[in-house]
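# Geometric and topological summary
Listed below are the residues making up each chain.
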Amino acid sequence: MFLKKNKIFKFKSSVLFKLKKKLKIEEVSIKTIQDHQVLIKIKYTSICRSQIMEIDGLRGRDKFLPHLLGHEASGTVVTLGKKVKKFKIGDKVIAGWIQTNQKKYKGFKLDIFNKNKKVNSGPITTFGNYSLIYENRLVKKPNNLTMREATLYGCALPTGAGMVINQVRPKKNDSVLVLGLGAIGLSAVAALQCMGVKNIVAVDYNNERLRLAKKLGANYLLNSKNNNFEKNLKVLFPKGFDKCIESAGKTKTIEFGFSCIKDKVGKLYFASHPDNKSLIKLKPHDLIRGRKIYGSWGGNCNPEKDIPRIFRLFKKNNVNLKCLLSKNYNLNDINSAINDFKKGKVIRPIIKI
């Protein structure tokens, strides 16, 4: 259908030309499709904090400018590379940054015609109406999952819920503190509730997000802006917490979470993205007394196995994810979506293509 000999396929995509600047919608083109790549037509894509970190230059030096962005989406398969066996044209898929296997494929570049410049692209990008993505970043969409909600399974749910299922593995009587109620934190709350955890404490500075956490299963809600916040937390669980999940994206919340867990058995898990130049400071004696800290890379998920697993778990427990997807934006409004996300006006902005 596309990418025939001597043919060029053109589409629109958001391009980052300079750090800390707005994305520009440009016409880009694909000249070839490699053996393990899949061309998909994007239906919905979304934005997470790591994309903001890239745009604002908070992940260190960016040697790939200009480049495309986006790593979570839902879409339809349009064209396949010669060696792609898992998908067929017309399949509905979820695109995400977490790999289904660790194969390394040769990269590719795109050309922007109107400015005659090369544009870099990683194994997955989604901020456009089409995208060329490596097959190990794609999973077939479960039946009965809407394309809109499927975007959450590209990043937020595998990271938040996956962390709970694969790493935290809580017991029902555990006390679990969740710091930061973005899409990852709220996904973690929902997974904890599905697993029957009785003591879920949700913390954020935003009362609307606290309300959503209650809706998704949190037993206790605390606003971190309250003057008595730390005192109230200690009143609830004076001996500390068995587990803490940090997803606020700041070193100080990681440090605070570590100070809240129990000696000997307390464990902190975090999947957030503080500034690349920041360092975490921990008290040595807290480590000596047996507290443990773990980073989480995509919830330790294998998307092929864990996306259907999380979907079944949430479906069985009637978890309604629509509350995380409050507003749609058009591709031309992607910079407005980014600004609203940075200001905390939306939990997960959805770009409807």
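Residues numbered from 1 in each chain as written. Predicted model: local features only at pLDDT ≥ 70, side-chain atom pairs only at ≥ 80, totals over all residues. Heavy atoms only, no water.

### Regarding unusual backbone geometry
A cis amide bond links Leu65 to the next residue, Pro66, at an omega of -10°. Along the chain, the position of Pro66 falls in the loop between α1 (49-55) and β4 (67-68). The backbone of Arg169 shows a phi angle near 45°, a positive value even though the residue is not glycine. The class for Arg169 is exposed, based on a relative accessible area of 59%. Even without a glycine there, the phi angle at Lys264 is positive, about 70°. (Helix = DSSP H or I, 4+ residues; strand = E, 2+ residues; numbered from the N terminus. Buried < 20%, exposed > 50% of the residue type's maximum accessible area, 1.4 Å probe, protein only.)

### Some remarks on empty space enclosed by the protein
For the structure on display, the rule yields two cavities of 30 Å³ or more. Considered as a void within the structure, the largest cavity measures approximately 60 Å³ in volume. As for the largest cavity, its lining consists of Ile94, Ala95, Gly96, Ile98, Arg137, Val139, Tyr153, Gly154, Pro158, Pro303 and Ile307. Elements supplying a minimum of two residues to the lining of the largest cavity: β6 (92-96) and α9 (303-316). (1 Å grid on protein atoms, 1.4 Å probe; cavity = no way out; pocket = protein on both sides within 12 Å on 5 of 7 lines; lining within 4 Å. Points joined across faces, edges and corners; volume = space filled by probe spheres on them.)

### Quick look at the pattern of salt bridges
This model, assessed by the stated rule, comprises 16 salt bridges. The shortest N-O distance in the salt bridge between Lys86 and Glu304 comes to 2.9 Å. Separated by 218 residues along the polypeptide, Lys86 in the loop between β5 (72-80) and β6 and Glu304 in helix α9 bring together distant segments of the chain. Judged by relative accessible area, Lys86 falls into the partly exposed class, the value being 31%. Accessibility expressed as a relative area gives 38% for Glu304, which makes it partly exposed. In this structure, the salt-bridge partner of Lys327 is Asp340, at a minimum N-O distance of 3.7 Å. Pair noted here: Lys327 is in the loop between α9 and β17 (328-330) and Asp340 is in helix α10 (residues 334-342), with a separation of 13 residues, a long-range link. Assessed through its relative accessible area of 39%, Lys327 is described here as partly exposed. Residues joined by salt bridges that share partners form a network here, namely Asp263, Asp286, Arg289 and Arg291. (Salt bridge = Lys/Arg side-chain N within 4 Å of Asp/Glu carboxyl O.)

### Thoughts on the state of the cysteines
Covalent bonding between the sulfur atoms of two cysteines is what defines a disulfide. This structure, assessed with the given rule, holds zero disulfides. The cysteine Cys155 is free of any disulfide, with Cys48 supplying the nearest cysteine sulfur at 4.0 Å. Its relative accessible area of 4% is what places Cys155 among the buried residues. For the unlinked cysteine Cys194, the closest cysteine sulfur is that of Cys323, found at 12 Å. (Disulfide = S-S within 2.5 Å.)

### Examining the packing of aromatic side chains
Applying the stated criterion to the full structure yields nine aromatic pairs. An angle of 25° between the planes, with centres 6.0 Å apart, marks the rings of Phe9 and Phe11 as stacked. Comparing Phe9 with Phe11, the two get one shared label, buried. A ring pair is formed by Phe9 and Tyr130, whose centres lie 4.9 Å apart and whose planes are at 85°; its orientation type is edge-to-face. Of this pair, Phe9 sits in strand β1 (residues 9-16) while Tyr130 is found in strand β9 (residues 130-134), placing the two residues 121 residues apart along the sequence. Taken as a pair, Phe9 and Tyr130 share a single burial class, namely buried. Taken together through their ring pairs, the aromatic side chains of Phe9, Phe11 and Tyr130 make up a single cluster. (Phe/Tyr/Trp six-rings, centres within 6.5 Å; stacked < 30°, edge-to-face > 60°.)

Treat this as a map of the structure, not an account of what it does.
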